[in-house]
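# Observations on the three-dimensional arrangement
Here are the chains, one letter per residue:
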Amino acid sequence: MEAPDDLTWLMQWYLAQCDEDWEHEFGVTVDTLDNPGWSLTVDLERTSLEGQRFSPIYDGVSAQEQPVQGGDGDVPWLVCRVEGSQFKAWGGPRDLSRLIRTFRRWADESSLSSNDG
(Lines give C-alpha, C1' and ligand atoms only; values in the text may rest on other atoms or scores of the structure.)
Protein backbone atom coordinates (compact mmCIF):
# COMPACT_ATOMS: atom_id res chain seq x y z
CA MET A 1 0.00 0.00 0.00
CA GLU A 2 1.39 3.39 -1.02
CA ALA A 3 2.03 5.94 1.73
CA PRO A 4 -0.23 9.00 1.60
CA ASP A 5 1.11 12.35 0.41
CA ASP A 6 2.01 14.83 3.15
CA LEU A 7 -1.25 16.78 3.06
CA THR A 8 -3.35 13.61 3.23
CA TRP A 9 -1.14 12.39 6.07
CA LEU A 10 -1.69 15.66 7.99
CA MET A 11 -5.45 15.34 7.57
CA GLN A 12 -5.29 11.76 8.87
CA TRP A 13 -3.11 12.82 11.82
CA TYR A 14 -5.57 15.57 12.72
CA LEU A 15 -8.54 13.20 12.46
CA ALA A 16 -6.76 10.66 14.69
CA GLN A 17 -6.51 13.32 17.44
CA CYS A 18 -10.22 14.15 17.30
CA ASP A 19 -11.94 12.46 20.22
CA GLU A 20 -15.01 14.69 20.58
CA ASP A 21 -12.98 16.83 23.00
CA TRP A 22 -9.47 17.62 21.65
CA GLU A 23 -10.75 19.33 18.50
CA HIS A 24 -12.80 21.82 20.54
CA GLU A 25 -9.66 23.27 22.15
CA PHE A 26 -6.83 22.34 19.82
CA GLY A 27 -6.06 21.89 16.16
CA VAL A 28 -3.87 22.63 13.15
CA THR A 29 -3.53 26.09 11.62
CA VAL A 30 -2.09 26.93 8.21
CA ASP A 31 -1.73 30.63 7.48
CA THR A 32 0.13 33.00 5.21
CA LEU A 33 2.86 35.47 6.11
CA ASP A 34 3.12 38.95 4.68
CA ASN A 35 6.82 38.70 3.89
CA PRO A 36 5.62 36.40 1.90
CA GLY A 37 5.42 32.83 3.14
CA TRP A 38 3.52 30.24 5.14
CA SER A 39 3.09 29.33 8.78
CA LEU A 40 2.02 26.01 10.28
CA THR A 41 0.99 25.60 13.91
CA VAL A 42 0.07 22.20 15.34
CA ASP A 43 -1.24 21.85 18.88
CA LEU A 44 0.54 18.98 20.60
CA GLU A 45 -1.26 19.03 23.92
CA ARG A 46 -2.86 15.68 24.74
CA THR A 47 -1.24 14.02 21.71
CA SER A 48 1.55 11.43 21.62
CA LEU A 49 3.91 14.24 20.54
CA GLU A 50 3.45 16.32 23.67
CA GLY A 51 6.77 16.53 25.49
CA GLN A 52 8.75 14.89 22.67
CA ARG A 53 12.14 16.42 21.92
CA PHE A 54 12.45 18.45 18.72
CA SER A 55 15.68 20.09 17.59
CA PRO A 56 14.93 23.49 16.03
CA ILE A 57 15.61 23.82 12.31
CA TYR A 58 16.86 27.00 10.64
CA ASP A 59 17.31 26.36 6.92
CA GLY A 60 18.23 29.31 4.73
CA VAL A 61 17.87 31.74 7.63
CA SER A 62 19.73 32.29 10.89
CA ALA A 63 18.18 32.03 14.32
CA GLN A 64 18.58 35.81 14.67
CA GLU A 65 16.77 36.62 11.39
CA GLN A 66 13.84 34.25 11.71
CA PRO A 67 10.93 34.34 11.12
CA VAL A 68 11.14 37.76 9.49
CA GLN A 69 12.85 36.48 6.35
CA GLY A 70 11.39 38.03 3.25
CA GLY A 71 12.01 38.08 -0.44
CA ASP A 72 10.31 37.26 -3.66
CA GLY A 73 9.97 33.55 -2.96
CA ASP A 74 12.91 32.42 -5.05
CA VAL A 75 15.03 31.64 -2.00
CA PRO A 76 13.65 28.74 0.04
CA TRP A 77 13.81 29.12 3.81
CA LEU A 78 12.41 27.21 6.73
CA VAL A 79 12.17 27.63 10.50
CA CYS A 80 10.67 24.86 12.65
CA ARG A 81 10.59 24.53 16.43
CA VAL A 82 8.42 23.51 19.34
CA GLU A 83 7.22 26.35 21.55
CA GLY A 84 5.43 25.21 24.67
CA SER A 85 2.96 22.60 23.47
CA GLN A 86 2.90 23.71 19.82
CA PHE A 87 4.90 22.74 16.77
CA LYS A 88 5.50 25.97 14.87
CA ALA A 89 6.96 26.31 11.41
CA TRP A 90 7.46 29.13 8.95
CA GLY A 91 8.73 29.07 5.40
CA GLY A 92 8.82 30.80 2.07
CA PRO A 93 5.86 30.98 -0.31
CA ARG A 94 6.93 27.76 -2.05
CA ASP A 95 7.75 25.87 1.17
CA LEU A 96 4.36 24.83 2.58
CA SER A 97 4.93 21.20 1.66
CA ARG A 98 8.32 21.31 3.43
CA LEU A 99 6.65 22.58 6.62
CA ILE A 100 4.17 19.71 6.60
CA ARG A 101 6.86 17.16 5.64
CA THR A 102 9.07 18.30 8.53
CA PHE A 103 6.22 17.85 11.00
CA ARG A 104 5.38 14.45 9.49
CA ARG A 105 8.96 13.17 9.74
CA TRP A 106 9.22 14.24 13.37
CA ALA A 107 5.86 12.68 14.23
CA ASP A 108 6.78 9.43 12.49
CA GLU A 109 10.21 9.30 14.16
CA SER A 110 8.69 10.06 17.56
CA SER A 111 6.14 7.32 17.05
CA LEU A 112 8.84 4.80 16.16
CA SER A 113 11.06 5.74 19.11
CA SER A 114 8.16 5.57 21.59
CA ASN A 115 7.28 2.09 20.29
CA ASP A 116 10.90 0.94 20.75
CA GLY A 117 11.08 1.81 24.40
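Read on for an overview of the structure. (Residues numbered from 1 in each chain as written. Predicted model: local features only at pLDDT ≥ 70, side-chain atom pairs only at ≥ 80, totals over all residues. Heavy atoms only, no water.)

According to the stated counting rule, one finds 10 aromatic pairs in the structure shown. Between Trp22 and Phe26 the ring centres are 6.1 Å apart and the planes differ by 35 degrees, which places this aromatic pair in the tilted class. On the basis of relative accessible area, Trp22 is assigned to the buried category, the value being 1%. Chaining the aromatic ring pairs together yields one cluster made of Trp9, Trp13, Tyr14, Trp22, Phe26, Phe54, Phe87, Phe103 and Trp106. (Phe/Tyr/Trp six-rings, centres within 6.5 Å; stacked < 30°, edge-to-face > 60°. Buried < 20%, exposed > 50% of the residue type's maximum accessible area, 1.4 Å probe, protein only.)

Next up on the list: the pairing of strand β5 (residues 86-91). Most of β5 sits inside the fold, with 5 of its 6 residues counted as buried. Relative to β5, strand β2 (residues 37-43) runs antiparallel, the two sharing 6 bridges. If you follow Thr41 over to β5, its bridge partner there is Lys88. Sheet topology places strand β4 (residues 78-83) next to β5; 6 bridges connect them, and they run antiparallel. Counterpart to Arg81 in the pairing with β5 is Lys88. Between the antiparallel neighbours β4 and β5 lie 2 residues, among them Gly84 with a positive phi of about 60 degrees. (Helix = DSSP H or I, 4+ residues; strand = E, 2+ residues; numbered from the N terminus. Pairing = 2+ DSSP bridges.)

Pairing between strand β3 (residues 57-59) and β4: 3 bridges, direction antiparallel. Counted as the bridge partner of Tyr58 is Val79 from β4.

Attention shifts here to the pattern of salt bridges. A side chain with one charge may pair with a side chain of the opposite charge, provided their charged atoms come close. In total, this model carries 9 salt bridges according to the counting rule given. Three or more residues joined by partner-sharing salt bridges are found here, namely Asp6, Arg101, Arg104 and Asp108. (Salt bridge = Lys/Arg side-chain N within 4 Å of Asp/Glu carboxyl O.)

This next bit is on the nonpolar core. Side chains of nonpolar character tend, in soluble globular proteins, to be buried together. Within the largest apolar cluster, 19 residues are counted, with the highest numbers of intra-cluster contacts made by Leu40, Phe87 and Phe103. The element that contributes the greatest number of residues to this core is helix α3 (residues 96-116), accounting for 5 residues. Setting aside residues no more than four positions away along its own chain, Leu40 makes contact with Leu10, Val28, Thr29, Val30, Phe87, Lys88, Ala89, Leu99, Ile100 and Phe103. (Core = buried A, V, L, I, M, F, W, Y, C linked by side-chain atoms within 4.5 Å. Contact = heavy atoms within 4.5 Å.)

With respect to the helices and strands, the residue Ser111 is situated in helix α3. Take Ser111: its relative accessible area is 36%, and that puts it in the partly exposed class. It is 8.1 Å that separates the C-alpha atoms of Ser111 and Leu49, two residues lying 62 residues apart in sequence.

Right, let's get into the side chain of Ser110. Turning to its location among the elements, Ser110 is positioned in helix α3. Here Ser110 is in contact with Leu49 and Gln52, once residues within four sequence places are set aside.

We now examine the sheet that holds β5. Pairing in this open sheet of 5 strands is antiparallel, and the strands run β1-β2-β5-β4-β3 from one edge to the other. Looking at which strands have only one partner, the edges of the open sheet turn out to be β1 (28-33) and β3. The mean angle between the axes of side-by-side strands here comes to 15 degrees, regardless of whether they run parallel or antiparallel. (Axes fitted to C-alpha atoms, helices over the stretch in contact; angles between N-to-C directions.)

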